[in-house]
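# Structural characterization, general
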Amino acid sequence: MNADPKRTQTSPMTVVQCKGIKKAFITPDVSTYALRGIDLRVNEGEFMMLVGPSGCGKTTLISIIAGILRHDVGDCTVFDKNFSTMHPDDLLRFRGKTIGFIFQSFNLIPTLTVAENVSVPLLINGMGRPQALTKAYHILREVGLQEKVNTFPNLLSGGQQQRVAIARALVHNPSLVICDEPTSALDQETGLKILDLMHTINRKRKTTFIIVSHDSRIFKYADRIAHMNDGVIERISNGHDGEHE
Ligand SMILES: Nc1ncnc2c1ncn2[C@@H]1O[C@H](COP(=O)(O)OP(=O)(O)O)[C@@H](O)[C@H]1O
Ligand SMILES: [Mg+2]
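Because the structure is predicted, anything quoted here is derived from the model rather than measured.

### Things to note about the sheet that holds strand S1 (residues 14–26)
Overall, antiparallel pairing links the 4 strands, which are arranged S2-S1-S4-S5 in an open sheet. Here the strands that pair on one side only, and so sit at the sheet edges, are strand S2 (31–43) and strand S5 (81–82). Judged from the 10 bridges that link them, S1 and S2 form a sheet pairing that is antiparallel. Paired with Phe25 across the two strands is Thr32, which belongs to S2.

### Regarding the site of ligand 1
Inspection of the region around ligand 1 gives Phe25, Thr32, Ala34, Pro53, Ser54, Gly55, Cys56, Gly57, Lys58, Thr59 and Thr60 as its neighbouring residues. Lys58 places a side-chain nitrogen or oxygen 2.8 Å from an oxygen atom of ligand 1. Those elements that provide at least two residues to the shell around ligand 1 are S2 and helix H2 (58–65). Examining the composition of the shell around ligand 1, we find that 3 residues originate from one element, H2, more than from any other. Of the residues that constitute the shell around ligand 1, the class distribution is 4 nonpolar, 6 polar and 1 charged.

### Remarks on the nonpolar core
Core analysis: the largest hydrophobic core is formed by 41 residues, its most contacted members being Met49, Leu140, Ile166, Met198 and Phe209. Those elements that provide at least two residues to this core are strand S3 (47–51), helix H4 (114–124), helix H5 (129–142), helix H6 (158–170), strand S7 (176–180), helix H7 (188–205) and strand S8 (208–212). Looking at this core element by element, the count peaks at 6 residues for H6. Ignoring any residue separated from it by four or fewer positions in sequence, one finds Phe209 in contact with Glu46, Phe47, Met48, Leu170, Val177, Cys179, Met198, Ile201 and Asn202. Membership of the second largest hydrophobic core comes to 32 residues, among which are Cys18, Cys56, Ile62 and Ile65.

### As for the sheet that holds strand S10 (residues 232–238)
Read from one edge to the other, the open sheet built from 6 strands follows the order S6-S7-S8-S3-S9-S10, with strand pairing classed as mixed. At either end of the open sheet lies a strand with only one pairing partner, and these are strand S6 (99–102) and S10. If you compare each strand with its neighbour and ignore which way they point, the axes differ by 20° on average. Relative to S8, S7 is paired through 5 bridges, and the arrangement is parallel. The residue bridging Leu176 from the neighbouring strand is Thr208, located in S8. Contacts from helix H3 (residues 88–98) reach S6 and S7 within the one sheet, and its direction differs from that of S6 by about 70°. Each of S3, S6, S7 and S8 touches H7; the most contacted strand, S3, lies at about 140° to it.

What counts as what
- Residues numbered from 1 in each chain as written.
- Chains lettered and ligands numbered in written order.
- Predicted model: local features only at pLDDT ≥ 70, side-chain atom pairs only at ≥ 80, totals over all residues.
- Heavy atoms only, no water.
- Pairing = 2+ DSSP bridges.
- Helix = DSSP H or I, 4+ residues; strand = E, 2+ residues; numbered from the N terminus.
- Near = heavy atom within 4 Å.
- Polar contact = N/O pair within 3.5 Å; in protein donor to acceptor, adjacent residues only side chain to side chain.
- Nonpolar A, V, L, I, M, F, W, Y, C, P; charged D, E, K, R; others polar.
- Core = buried A, V, L, I, M, F, W, Y, C linked by side-chain atoms within 4.5 Å.
- Buried < 20%, exposed > 50% of the residue type's maximum accessible area, 1.4 Å probe, protein only.
- Contact = heavy atoms within 4.5 Å.
- Axes fitted to C-alpha atoms, helices over the stretch in contact; angles between N-to-C directions.

See the structure below:
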C-alpha cells in the first residue's frame, strides 16, 4: 500500500509501552485484581481506543499510563520514562508538560471562567497569567468557544463544557492525551462532534490519543482498538473501516 520504501522501513516511535502490568486493590474485605497482565504498545500519532465492559480495568490502566496510579508488577514506560523509578517531583513536572487528561465528568473549576480554567495547566507549568490567558483564548477559538471565554462553566451545555475540558487538556501542547469516556455524559450527536474534534486535532498536530469508550459508533475514528475484558487485553483490532462491532 505504501509506495515510499523509506516510510515502510521507519518504524513509528513508541509513546507507551506496557509489559505484564498487574494491579490489585486490596482491602481487608475484598481483593480486586483489576489488571492481570497487560501488554500494550501505543505509537506516536495514534488514535487508540480502549474498550470493554464496566469494571474490566480501563480506568485503572489509563491511570497507570498517566502516572496517576502505581502498578504492582510489570513495566510501563511513557516516552521511555519509567514512572515507577522517577522522583515524584520529576514525575509531576514530566506529566504536567507531556500528558493531557480528559475526564468523563469534565472536572472544570466552577469559580473560574472558561479561559481561566483552560489556562490552569500553563499556570501550573510556571507561565505568567497574561501569557497563559492569551494561549487559552487561542485554543478556545480552535474548539469553537471564542464567544464563551469569560463565561463560567455552569452556564454552558455539556458539549460546551467538554470542549472546555479538551481545550484545557491541549493548551500546553501535550504529546499524549488520555481520555476516560469523554462522550458518555453527552448526547449522541454532541458525543460524535467531540470525537470528531479530537480526531481533527490528532491528525493536525500528530498528538497521540488514548481514548476509553463503550461507544461502538465512535470506533470508526480509531486507528486501533484494544478490547479489554476482566483485567486483560483480549485482542487488538483495526479501527476505521476495519472491524465494527
Ligand atoms: N480505588 C479502588 N479501590 C478498590 N477497587 C477499585 C478501585 N479502583 C477500581 N477498583 C476496582 O477495579 C476494577 C476495575 O475498575 P476500573 O479500572 O475502574 O474499571 P473500568 O474503568 O473498566 O470500568 C473494578 O472491579 C473496580 O471496582
Ligand atoms: Mg472507568
